[in-house]
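Observations on chain architecture
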Amino acid sequence: MKRKFLLFLCLFWVHLVFAQENITVTGKVTDATNGQPLIGAGVQVKGTTTGVQADAEGNFTLSAPANGTLVVDYLGYERQEVPINNQTTLNIQLSPSATKLTEVVVTGYGTQEKRDVTGSISSVKSEELTRQASQNPVSSIQGKVAGVQISNTGQPGASPTVRIRGTGSILGRAEPLYVVDGTIVDNLSFLNPADIESMEILKDASSASIYGLRAANGVILVTTKRGRTGEPRINYNGFVGVQRVTNQVEMANANEYAELINQKEGTELVEPNQPSTDWYDEILRSALITNHQLSFSGGTDRLSYSLSGGYLNQEGIVDGNKYERVTARLQTDFNVSDHVKIGYNGIFYDYNSDDVPTGVVYQAYVMPPVIPVFKEDGNYGDPIDYGLGTFGNPRAALDWYNQKSDGQSLTGNAFGEVKFLENFTFRTSFGLNYAINEFRNYVAEDSLTSTQVARRSTLTRSKSKATRWLFENTLTFDKQFGDHELTVLLGTSSQEDRNETLAGSANDVPFESEGSLYLNLGDPETFLITNSAGKSTLLSYFGRVNYSFLNRYLLTATLRRDGSSKFPEDERFDYFPAVGLGWVVSDEPFMEGQQIFDYFKLRGSWGKLGNSDIPANITVRVPDLDNPIYIAILGGIPYPGGTYNLAVPPTLFWEVVKETDIGAEFAFFNNKLTVEADWYNRATEDAVFSTPLLGSQGTLSSEVLGNFADFRNRGFEFVASWNSDNDTDFSYTISGNFSTNNNEVTAIATDLPQFSGGLPVGRIFTSVTRVGDPIGSFYGYIVDGIFQDEQEIAGSAQADVTGVAPGDFRYRDLNGDNIIDARDKTIIGNPNPGFYYGLNTNFRYKSWDFQLDLQGVGDVDIYNANKGVRFGNENYTKDFYDNRWNGPGTSNEYPGPNLKDANIQSNSWFVEDGSYIRIRNIQLGYALPTDLTKRWKMEGIRFFVNAQNPVTWFDYTGFTPEVGGPPNSAGVDLNVYPLSATYNFGVDVNF
């Protein structure tokens, strides 16, 4: 009897939880200001996965509990919750929202309305990404997000450099964490921008702390597009365009070069009036780019799907460079019942690249213009024939170079979600990222010039694979009771990363076709094989509480416990807490009746983050018995000593970031003007840093790694946006952002500086990282002018320096000892921008739309190493020819052409202002009238013309002031791939 009674109670409980009488509800969703239907508006039964989209007339039909509630939302409009109250017909009007305060943003394992967020989160929607010619999604947000610095390269397929609120690591990863639909990835080069629904950038520690040990450099969350309930939709988006080099550096021609070399040598080494070769014109070109994207999406109240495929063909502006990318994505969600949902998302990526030699742009910079591309006998021009040095012919380098790269990756995530007991949601997910990358390089047996010679052919092949899986489980409690709203999240996460690389080379492999390039066809005695691998695991437990009282007082508290196998067993786990507070001041009773603020919120947060992304197995010391540094001789018998590859302390652990953020958000003029301001202080503690080590310690490296340094980034961010009325023929939005950042090394355990930025001439280092200065500051002599005659030299601190002559640099004697030596070197520049900004505009008049984006960087320096890496008779720029010292009184800024010895030491003349302002993107579009497209059974057709990077204003004398590089040697320009402008025409078609 007890069993029957218990069974009855169980069945009754299940009935109470799941069994509700459903009715069919129909209705229409319209704009409250003009009555126009809101096509695609989302209508969902609250607390379930049941939902539909409004059709082309704004109508909807769905099955829902008679006493349930419908949640209706549409982008740019206020969300509404409408009680059904047993009604079968509901006509719903949504009011436009001129502010982003009700916008839903992804926060990591959940979502929140913007007004409820207590941290610093920026969101970029799909419309802002797709109206760009950028092929990497991250490049598309350059200049659009405060606090995010992005440096692009013109090379096809290359990923940009991203810094969120400055550089906080040197040897660890300085890039942000990327999360695509819940799966951790290394970058976004595999992702087509047209597949993205939104990108959220978690900038402060409070918002990023839910990712703990991986979030020290910020987090970029990517949500891809998902199918929506309603009629199937087909979209095609494509364009074709051309890329052109911008701001090409003008070099000295043959006559000017002859004059410079002869002045340097004091004799006529080069005859004037010779034919001139423009080596940049020889290796650079106008390049084609085409991009096509086709997508299908749709669904019912039980099933939604999204399928897309993309193809990109991009030529590089360096002749012979080409990149092809194929992407495919499939997403499906199944509503098994009103309370159970499962789904998956998979992204396939394939690329092929025809590569070019890394040094060819620099070769074109230095190659004398008196050298012809080809000699009269058809062979390549050779500087040796002219007695000018051992330069490589850039045209020969391109023609001879034979390297191809290709790879594939699969990124996917599958999940299951169960809603129960009205307020609970359990979600489990499994993410996988599998990638294979290969390259092969073939050097043919040939003799092109005196320096470009190969006596035997060489084939090099490499294949690497990487696998990452991520298994996560979360339980969420969400309840509103009275004036209180509470959301509690608990979760676990486990991750494993594996990678392996196998590489080999062989001589004498014949080239008959691509199919003959295999190592086993070469000389077995020349086989060289290398193999490396790595593995790391991560285990995490985390929780978060979001609490709101009166929708006015906000609290977010997060705690994560992470453990990483990269560190010693007793140092693998740590806690990462964070807390954020918010106060919606404008909702206070004492603010009633005031006419200034439509919205005013104050918020503050603090959090602790970690950076475990350092080389795997770094704490494992591997002895090398083949290369002993010391040999002991005992009894006349030598005993070679073992040598460790790297010295590490016994307690190496992750880098720690502690950040404070204070912010304010405002809305004025009926929510048309929104303003957001933040001040942050981000301190990196125990950063992995190298310090000099005595060779007697028995290591191959002369440095020891440890948690030896502390850094600090501190700055201010400001964002203002104006949104006009949307119910007129003409509407527009204008948004601007401005960010500052001050980077400083606050402590080094040994107080010893780290020198970096080594140049391939004279053992010159351009950069230093030391206490009190920014990371990677430029370091060298201060130039105090140019010696005009021998008398000036005799009265200077360089009087006893061998080889100093009129036309050479005069260096400042900082310590006043009348000697110029290393003690007179100082900080001469800073590659870390002091501020950066963006201005983004959108205008619409009837069927026309216009977009203009500006972006810029200020208070930043570049070390132009192209001018100083000289071995003899390299070419000069036209700027140098026009401004050089050419006798007493001709110049006190530019030296004479004899750039060698002390003149090429790191000094302030090579440091230039890297500030710039750029038209990042400009686009004009026209949409055909809807009555015309409907006759063609289409939802819409839009044509557009676009120009990306058409104009950049700057004073730097190189190709582009956008120079990246590793954190401790950033901003050193030596062979930077030129940036290009892209002009394209495209069409966007919807069915």
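Residues numbered from 1 in each chain as written. Predicted model: local features only at pLDDT ≥ 70, side-chain atom pairs only at ≥ 80, totals over all residues. Heavy atoms only, no water.

The protein is annotated in an unreviewed UniProt entry as SusC/RagA family TonB-linked outer membrane protein from Pontibacter ruber. For the record of the protein, the UniProt heading Sequence similarities (unreviewed entry) holds the text "Belongs to the TonB-dependent receptor family." Under the Subcellular location (unreviewed entry) heading, UniProt states for the protein: "Cell outer membrane". (UniProt positions renumbered as here; feature names shortened; annotations may be inferred.)

**A look at the overall build of the protein**
Across its full length, the protein carries ten helices and 54 strands. A compact globule built from 991 residues would reach a C-alpha radius of gyration of about 30 Å, and the protein, at 32 Å, matches this within 12%. By its C-alpha atoms, the protein is 105 × 80 × 70 Å across when sized along the principal axes. By the burial criterion, 52% of the 991 residues in the protein qualify as buried. For the protein, the accessible area works out to roughly 43,200 Å², and carbon and sulfur atoms hold 55% of it. Of the charged side chains in the protein, 78 are positive and 117 negative; the average position of the first set lies 8 Å away from that of the second. (Helix = DSSP H or I, 4+ residues; strand = E, 2+ residues; numbered from the N terminus. Rg over C-alpha atoms; globule rule 2.2 N^0.38 Å. Buried < 20%, exposed > 50% of the residue type's maximum accessible area, 1.4 Å probe, protein only. Areas by Shrake-Rupley, 256 points an atom, 1.4 Å probe, with all protein chains shown as cover. Lys, Arg positive; Asp, Glu negative; His and termini not counted. Charge placed at Lys NZ, Arg CZ, Asp CG, Glu CD.)

**Observations concerning the packing of aromatic side chains**
Inspection of every chain in the model, using the stated rule, returns 38 aromatic pairs. What links up through ring pairs into an aromatic cluster is the set Phe778, Tyr781, Phe809, Tyr811, Tyr863, Tyr876, Phe880, Tyr894, Trp909 and Phe910. (Phe/Tyr/Trp six-rings, centres within 6.5 Å; stacked < 30°, edge-to-face > 60°.)

**Describing the UniProt feature "domain: TonB-dependent receptor plug" (unreviewed entry) in the protein**
Mapped onto this structure's residue numbering, the UniProt feature "domain: TonB-dependent receptor plug" (unreviewed entry) falls at residues 114-219. In this annotation, residues 114-219 is assigned 8% helix and 26% strand; the end-to-end C-alpha distance for the span is 17 Å.

**Things to note about the side chain of threonine 277**
Along the chain, the position of threonine 277 falls in the loop between α4 (254-265) and α5 (279-283). Sequence-distant contacts of threonine 277, that is, excluding residues within four places in its chain, are made with Pro369, Ile371, Pro372 and Val373. (Contact = heavy atoms within 4.5 Å.)

**Some words on the environment of aspartate 773**
Inspection of the secondary structure assignment puts aspartate 773 in the loop between β42 (765-769) and β43 (777-780). If we ignore the near neighbours within four places in the chain, the residues touching aspartate 773 are Asn743, Glu744, Val745 and Ile827.

**Some points on α4**
Side chains of residues three or four places apart in an α-helix project in the same direction, reflecting 3.6 residues per turn. Taking 1.5 Å as the rise per residue, α4 with twelve residues should run 16 Å; its terminal C-alpha atoms sit 16 Å apart, in good agreement. Within the sequence span of α4, burial applies to Ala254, Glu256, Tyr257, Ala258, Leu260, Ile261, Asn262 and Lys264. Buried-residue contacts for α4 involve α9 (878-883). The backbone nitrogen of asparagine 255 lies 3.2 Å from a side-chain oxygen of the residue at the head of α4, namely asparagine 253. (Expected span 1.5 Å × (residues − 1). Polar contact = N/O pair within 3.5 Å; in protein donor to acceptor, adjacent residues only side chain to side chain.)

**With respect to the sheet that holds strand β53 (residues 972-973)**
Strand order across the open sheet formed by three strands is β50-β49-β53, with mixed pairing between neighbours. In the strand order of this sheet, the two ends are held by β50 (911-913) and β53, each with one partner. Note: strand β49 (residues 861-864) against β50, three bridges, orientation antiparallel. Within β50, the position partnered with aspartate 861 by the bridge is aspartate 913. (Pairing = 2+ DSSP bridges.)

**Examining the environment of serine 536**
Mapped onto the secondary structure, serine 536 falls in strand β28 (residues 528-549). In this structure the C-alpha to C-alpha distance between serine 536 and serine 564, which are 28 residues apart in sequence, comes to 7.3 Å. Apart from residues no more than four positions distant in its own chain, serine 536 is found in contact with Gln495, Glu496, Asp497, Ser565 and Lys566.

**Section: the layout of surface pockets**
If you add up the space inside the second largest pocket, you get close to 980 Å³. As for the second largest pocket, its lining consists of 46 residues, and the residues nearest its centre are Arg173, Val185, Asp186, Arg468 and Asp497. When contributions to the lining of the second largest pocket are tallied by element, the ones reaching two or more residues are β13 (177-180), β14 (183-185), β21 (340-354), β22 (403-420), β23 (424-443), β26 (458-481), β27 (484-507) and β28. Per element, the largest residue contribution to the lining of the second largest pocket is five residues, and it comes from β28. Partitioning the lining of the second largest pocket into residue classes produces 18 nonpolar, 18 polar and ten charged. (1 Å grid on protein atoms, 1.4 Å probe; cavity = no way out; pocket = protein on both sides within 12 Å on 5 of 7 lines; lining within 4 Å. Points joined across faces, edges and corners; volume = space filled by probe spheres on them. Nonpolar A, V, L, I, M, F, W, Y, C, P; charged D, E, K, R; others polar.)

**Some thoughts on the sheet that holds strand β41 (residues 754-758)**
Each strand in a sheet pairs with another by means of backbone hydrogen bonds, the pair being arranged parallel or else antiparallel. Pairing is antiparallel across the open sheet formed by four strands, whose spatial order is β41-β42-β43-β46. On the outer flanks of this sheet lie β41 and β46 (826-829), each paired with one strand and no other. Each adjacent strand pair in this sheet contributes to an overall mean axis angle of 50°, direction not counted. Bridge analysis of β43 against β46 gives three bridges, and the strand direction is antiparallel. Note on β46: the bridge partner recorded for tyrosine 779 is isoleucine 827. (Axes fitted to C-alpha atoms, helices over the stretch in contact; angles between N-to-C directions.)

**As for the pairing of β43**
What you see with β43 is no split at all: Ser777 and Tyr779 on one side and Phe778 and Gly780 on the other are buried throughout. When β42 meets β43, the two strands line up antiparallel, connected through two bridges. Counterpart to serine 767 in the pairing with β43 is phenylalanine 778.

**Section: the nonpolar core**
Ranked by size, the top nonpolar core spans 59 residues in total, and within it Tyr280, Val318, Leu759 and Tyr863 carry the most contacts. Sorting the residues of this core by element identifies α4, α5, α6 (360-366), β44 (783-786), β45 (809-811) and α9 as the ones contributing at least two each. Among the elements that line this core, the one with the most residues is α6, at six residues. Apart from the residues within four sequence positions on either side, valine 318 is in contact with Ile283, Leu284, Arg285, Val356, Val360, Val361, Leu398 and Tyr977. With 28 residues, the next largest nonpolar core counts Val124, Val162, Tyr178 and Ile220 among its residues. (Core = buried A, V, L, I, M, F, W, Y, C linked by side-chain atoms within 4.5 Å.)

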